[in-house]
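The lines below spell out each chain.
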Amino acid sequence: MRHRHLSTLTLALGVAVLLDVLRIWLPSVITLFGRAAETPAELLGAFALGWFLLALAAPTLVRRIGAAPVGLAAAGVLAVARLALTAQPGGPAQLWLACAGLLAGLVWLAAIAASVPRPVAGLALGLAGNAVGHALLGTEDLVWRGGVLAWSLSALLVLAFLAASVAVRRERATAPARVDAARTAAPATDVADGDAGRRVPAPGRRAWLLCGPALLLAGQVALAPALWSAAAGTGSPDFPGLVRPGNGALPGALAVLLFLAAALFRAPARVARVLWPLALLAGSVLFVTGLLVPAYLLTAAGLGGCLARTDTAADDGRAAATDGRGADDGRAAARRGRAAALGMLVFAVATVAYYAAYDLGYPNGWAPVATAVLVTLVAVTAPIQPGAAPPGPMLPTTVRVAALAGLTALAGLAAALHVPPAPARATAAPAAVRVAAYNIRMGFGLDGRLDLDAVAREVRGADVVLLSEVDRGWWLNGGHDTLALLARRVGMPYVFGPAADPVWGDAVLSRFPMRSGQTRRLTAHGAPTGAQALGVTLDLGGRELAVVATHLQPPPGRDPVEQAGEVAEFAGRYANGRPLVLGGDLNTEPDDPAFAAFTRAGLVDALAAARPLRTSPADDPRTQIDHVFTSPGLTATEVRAPRTEASDHLPVTLTVTLP
C-alpha cells in the first residue's frame, strides 16, 4: 500500500512539473523557433512533433536499461530544466532548456508508466493541482515572475518531485524480497486468485493511452484557469465582452470539483458508460461554438469520468496468463510505456492541428472534438473485469475527500484573489484623451519571455488602449489570460472581442466608463486567421466617444482591402455622428488600397504629421502597419512610436483633442 500511494504522489508531482515545462515550451516554439509566423508552418510543426516522435524510443530504452534507473535519470533532467527556466533566460537558451525538459518529461512518463498500472489518481491530482496552482498565480507562471517567491516555490515543487522519485526507487528495490516472502507465506489462492494460470485482467494501458489527450483537453478547456477568467466577460447580451468583478468565481472551482469527483469516485457502471462520454463530447462541441462556461464544466466532468472508467477496466480483455509470479509483468509494462508515448504523440498532433489552422487556413474546430471522441471511444469500449467487482480505489476515501475539498477551495480562493478592475466612474469632460494602440503579441517579447510588466510600461498613462493579438487562454501560448493580467497592472477595466476563436482577439481598456459595445466578425476573404471589429462607447463626462479596435488579417500575398472596407463601414455606422477613434494593427501601409479605404470613408489619418512612423518589426522597424484614424474635427498631437522589444510591434501613442 505504501508503494502504491508513493507512486501516485510521484506521478501527480511529475505531471505538474511536466505541465510547467509545457507552458514554456509551447510559446517558445512559436515565438523563438517560429518567430511568430516568420518560420513556415510546416517546418514549425515538424520541429514540434519531432520531440514527441523521438520519445517513442523511450519504452525500448526502459525495457533494456530498466524503468527505475531511466525514470530517476529523466526525473533529474526534468527537474533541473524546470528550475533553470526560473532564471528567465529568454532567447535560444530558453528554447533549448524547454526542449530538454520536455524530452526528459516524456521519457520519465514512459518509465513511470512501466511500473504504475493504475495511473488515474496520480494523473487527476497532477492535472487539477497544476491548474489550481496556475489559477492562484493569476495564470502567470512562476518562471515568468522571477524573484524570491518564484525561486522558493519552484525549488519546493522540484525537490518534492525528486524526493518522491528517489523514495519510489528505494521502495522498489526492497519490494522483491517482500513479495517473495509473501508468496511463500500465503496460500496459492491468494497469489493466483485460486487458479494457477488463470487469466487475470491487468488495468493500465488504456489509462496511459489517454494521458496525452487528457493533458490537451484539460489544458485547453476543462482545467484552464484563463478560460475560467475569459468566460466571466461573455454573459451580458447587451454588452458582450465587458468583464464585471465577481463573474466566474464559482464556475472555475466547480470545474475542479466535477473533474476530481468524477475521476476519484466511481459512478455506477451503466450510468458512467453513457453519462461521462456524452458530457465530454458536449463540452468539446460547446467550446468550439464559444459557450465557454458550460463547455469547461461539461468537459471537466466528462474527462474525469472517462479516465475513471479506464482505471477500473481490463486492458483489452486479453489479460496475461499468470502463474502466481507475474510472468507477464515485463510485457505489460512495455505495453503501458508504449501507450503513454503514443498518447503524448496524440497530444502533440492535436495541438499542432488546432493551432496550425491559423497559418494554413482550414477549419480547426474538429481537433478538440476529435480528441474528445478518441477519449470516449477508449473509455466506452474498456471492458470491465468479468465476474468480479472493479478493483478498489488506489487512494483511501479520506485522502480523496481531502484532495477534492482542498483543491476546490483553493480554486475558489484563486478567483477571489484575482478580480478585474472595477468599472470606471464618470468624471468631468476632458479636453483631450491620451490613446495607445498596440499589437502585444500575446504578451511575449522578442526574447520569447512573457513580460507583461514591459507591455504595461508602454501603455501606462494612456486613457484608452486598443490592443491587438490578445490571448485569453490559448494553450499554445501557455494558457495565460494576458488581458486580465495587463488590466490589473494598469488598473483599467476592459472589453474583449473574440476573433480567431473564443479566447484570441482584440480589446479596449479605458479609464472612462464604457456604456455600450458591439462586435462584428469580418469576412475572411481567404485569410487563415479570423478578424473582427470591436466598437465601444465611452462616457466622457456627459459627452460620448466611439472607439473601434481591430486587427486586419490579409489573405496570403494580398492587401486586406475588403476587410478595411467592412471595418470602415462598421465604424461609421457604430459612431453614428459621434466623435470616433479607430486603430489597431491594420497590416497595410499608407500607400496601399486598404489604407485608402479608411480615408475614402471620411476618416483622418491621425499619425500623418509624424510619418514616417515605422512600427514593425520592433527590433528593426521598416514598415508602418499600425495606425490610428479619427473622425474629422478631432486633433492628434504628441504622436510617438516608442522603441521597445516587449512585442514584435512598436506601440503607437497620441493625444486626441476633442472639438
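Everything numeric here is computed off the predicted structure, so don't read it as measured data. (Residues numbered from 1 in each chain as written. Predicted model: local features only at pLDDT ≥ 70, side-chain atom pairs only at ≥ 80, totals over all residues. Heavy atoms only, no water.)

Q: What am I meant to see in the packing of aromatic side chains here?
A: The geometry of an aromatic ring pair is captured by the separation of the ring centres together with the interplanar angle, meaning the angle of the planes. This structure, assessed with the given rule, holds 18 aromatic pairs. For the ring pair Trp144 and Phe444, a centre distance of 6.0 Å and an interplane angle of 85° mean the geometry is edge-to-face. With a gap of 300 residues between them, Trp144 in helix α7 (residues 142-145) and Phe444 in the loop between β1 (432-439) and α19 (452-459) connect regions that are remote in the sequence. Both rings, one in Tyr358 and one in Trp474, keep their centres 5.0 Å apart while their planes meet at 20°; by these two values the pair is stacked. Of this pair, Tyr358 sits in helix α16 (residues 329-360) while Trp474 sits in the loop between β2 (464-471) and α20 (482-490), placing them 116 residues apart in sequence. For the pair Tyr358 and Trp474, a shared accessibility class is recorded, and that class is buried. One aromatic cluster is present, built from ring pairs that chain together Tyr354, Tyr355, Tyr358, Trp474 and Trp504. (Phe/Tyr/Trp six-rings, centres within 6.5 Å; stacked < 30°, edge-to-face > 60°. Helix = DSSP H or I, 4+ residues; strand = E, 2+ residues; numbered from the N terminus. Buried < 20%, exposed > 50% of the residue type's maximum accessible area, 1.4 Å probe, protein only.)

Q: Explain helix α3 (residues 58-65) to me, please; I cannot follow it from the model alone.
A: Because an α-helix packs 3.6 residues into every turn, residues spaced three or four apart end up facing the same way. Three or more residues of α3 are buried, namely Ala58, Pro59 and Val62. Buried residues of α3, seen end-on, are gathered within an arc of 100° and therefore sit on one face of the element. Facing away from the buried surface of α3 by more than 90 degrees, the exposed residues are Arg63, Arg64 and Ile65. Downstream of α3 by one or two residues, Gly66 has phi in the positive range, about 120°. (Arc of directions from axis to C-beta.)

Q: Mind showing me how you'd approach the pattern of salt bridges here?
A: A side chain of one charge can pair with a side chain of the opposite charge when the charged atoms of the two come close. Enumeration according to the criterion identifies 17 salt bridges in this entry. Two residues, Arg434 and Glu638, come together in a salt bridge whose shortest N-O distance is 3.4 Å. Remark: Glu638 occurs in strand β11 (residues 635-640) and Arg434 occurs in strand β1; sequence separation between them is 204 residues. Between Arg558 and Glu562 there is a salt bridge; the shortest N-O distance is 2.6 Å. For Arg558, a relative accessible area of 43% puts it in the partly exposed group. Taking relative accessible area as the criterion, Glu562 reaches 28% and is therefore assigned partly exposed. (Salt bridge = Lys/Arg side-chain N within 4 Å of Asp/Glu carboxyl O.)

Q: Sorry if this is basic, but what is going on with a nonpolar patch on the surface here?
A: Taken together, the side chains of Leu53, Leu56 and Leu342 define a hydrophobic patch exposed on the protein surface, amounting to about 250 Å² of accessible area. When its relative accessible area of 33% is taken as the criterion, Leu56 is described as partly exposed. (Patch = residues over 30% accessible without salt bridge, like charges linked within 9 Å, V, L, I, M, F, W, Y side chains within 5 Å. Areas by Shrake-Rupley, 256 points an atom, 1.4 Å probe, with all protein chains shown as cover.)

Q: For this particular structure, what's the right way to read the sheet that holds strand β12 (residues 652-657)?
A: In a beta sheet, neighbouring strands pair by backbone hydrogen bonds and run either parallel or antiparallel. Spatial strand order, β3-β4-β2-β1-β12-β11: six strands in an open sheet with mixed pairing. Edge positions in the open sheet fall to β3 (494-501) and β11, since each of these has one partner strand only. Pairs of neighbouring strands in the sheet enclose a mean axial angle of 20°, with direction left out of account. Where α19 meets the sheet, its contacts fall on β1, β2 and β12, and the angle it forms with β1 comes to roughly 145°. (Pairing = 2+ DSSP bridges. Axes fitted to C-alpha atoms, helices over the stretch in contact; angles between N-to-C directions. Contact = heavy atoms within 4.5 Å.)

Q: Is there a simple way to think about the confidence of the model for the chain in this case?
A: The predicted coordinates of low-pLDDT regions are not to be read in fine detail. Here the chain averages 86 in pLDDT, while 87% of its residues score no lower than 70. Residue range residues 177-201 is modelled with pLDDT below 50. Its contacts to residues more than four positions away, or to other chains, number 28 contacts. Every residue in residues 314-328 is under pLDDT 50, and counting partners more than four places away or in other chains gives 38 contacts. (pLDDT = per-residue confidence, 0-100.)

Q: Explanation requested: the nonpolar core in the structure shown.
A: As a rule of thumb, nonpolar side chains are buried together in soluble globular proteins. Among the nonpolar cores identified, the biggest contains 154 residues, and Trp25, Trp208, Phe259, Leu260 and Leu467 are the most heavily contacted of them. Here this core gets 15 residues from one element, more than from any other, and that element is helix α1 (residues 2-33). Dropping the residues within four chain positions of it, Trp208 is found in contact with Leu11, Leu109, Ile112, Ala113, Val116, Pro119, Arg336, Ala339 and Ala340. Grouped together as the second largest cluster of nonpolar side chains are 28 residues, Val464, Val581, Ala641 and Leu654 included. (Core = buried A, V, L, I, M, F, W, Y, C linked by side-chain atoms within 4.5 Å.)

Q: Sorry, what's going on with the side chain of Gln94 here?
A: Within the secondary structure, Gln94 is located in helix α5 (residues 91-115). A polar side-chain atom of Gln94 sits 2.9 Å from the main-chain carbonyl oxygen of Gly448. When sequence neighbours within four positions are dropped, the list of residues in contact with Gln94 reads Ile24, Ser28, Leu32, Leu85, Pro89, Trp144, Gly448 and Arg449. (Polar contact = N/O pair within 3.5 Å; in protein donor to acceptor, adjacent residues only side chain to side chain.)

Q: Where do I start with the environment of Leu485 in this structure?
A: In this fold, Leu485 is placed in helix α20. What makes Leu485 buried here is its relative accessible area of 3%. Filtering out sequence-adjacent residues up to four positions away, Leu485 remains in contact with Gly138, Thr139, Glu140, Leu452 and His480.

Q: How should the sheet that holds strand β6 (residues 532-540) be read in this particular structure?
A: Taken in spatial order, the six strands make up an open sheet running β5-β6-β7-β8-β10-β9, and their pairing is mixed. Only two strands of the sheet have a single partner each, and these edge strands are β5 (514-521) and β9 (604-605). This element, helix α21 (residues 561-575), spans β5, β6, β7 (543-551) and β8 (580-585) of the sheet and lies at about 155° to β5. Contacts from helix α22 (residues 593-600) reach β8, β9 and β10 (626-630) within the one sheet, and its direction differs from that of β10 by about 15°.

Q: Can you help me understand unusual backbone geometry in this one?
A: Most of the time, phi is negative for any residue but glycine, and the peptide bond is trans. For the bond from Arg611 to Pro612, the omega torsion is 5°, close enough to zero to count as cis. Along the polypeptide, Pro612 turns up in the loop between β9 and β10. The omega torsion of the bond from Ser616 to Pro617 falls at -10°, within 30 degrees of zero and hence cis. For Pro617, the location among the structural elements is in the loop between β9 and β10.

Q: Quick question: what am I supposed to make of the packing of helix α2 (residues 41-54) against α5 here?
A: In helix packing, the relevant descriptors are the interaxial angle and the interaxial distance, both defined with respect to the helix axes. Axis separation between α2 and α5 bottoms out at 9 Å; the angle between their running directions is 35°. Here the hand of the crossing between α2 and α5 comes out right-handed. Here Phe47, Trp51, Phe52 and Leu54 of α2 lie close against α5, whose contacting residues are Leu95, Trp96, Cys99, Leu102, Leu103 and Leu106. When the residues that make up the contact of α2 with α5 are grouped by side-chain class, the tally is 10 nonpolar, no polar and no charged. (Left-handed = near helix turned anticlockwise from the far one by under 90°. Nonpolar A, V, L, I, M, F, W, Y, C, P; charged D, E, K, R; others polar.)

Q: Even after reading the chapter, I still don't get the pairing of β8, so can you show me in this structure?
A: Each regular strand shows side chains that alternate between the opposite faces of the sheet. Among the six residues of β8, six are classified as buried, and the element is accordingly described as predominantly covered. When β7 meets β8, the two strands line up parallel, connected through six bridges. Its bridge partner being in β8, Val548 is matched across the sheet by Leu582. Here five bridges tie β8 to β10, and the two strands are oriented antiparallel to one another. By the bridge assignment for β10, Gly584 is matched with His627.

Q: Whenever I open this one, the packing of helix α15 (residues 292-311) against helix α17 (residues 366-380) confuses me. Can you help?
A: At a closest axis distance of 8 Å, the pairing of α15 and α17 adopts a crossing angle of 35°. Pair α15 / α17 crosses with left-handed handedness. Mapping the contact onto sequence places Leu303, Cys306, Arg309 and Thr310 in α15 and Val375, Thr376, Val378, Ala379 and Val380 in α17. Taken together, the residues that form the contact of α15 with α17 break down as six nonpolar, two polar and one charged.

Q: Would you explain the environment of Gly530 in this entry?
A: By the secondary structure assignment, Gly530 is in the loop between β5 and β6. Counting along the chain gives 31 residues from Gly530 to Ala499, while the straight-line C-alpha distance between them is 5.2 Å. Gly530 has contacts with Ala499, Ala500 and Gln553, leaving out every residue within four places of it along the chain.

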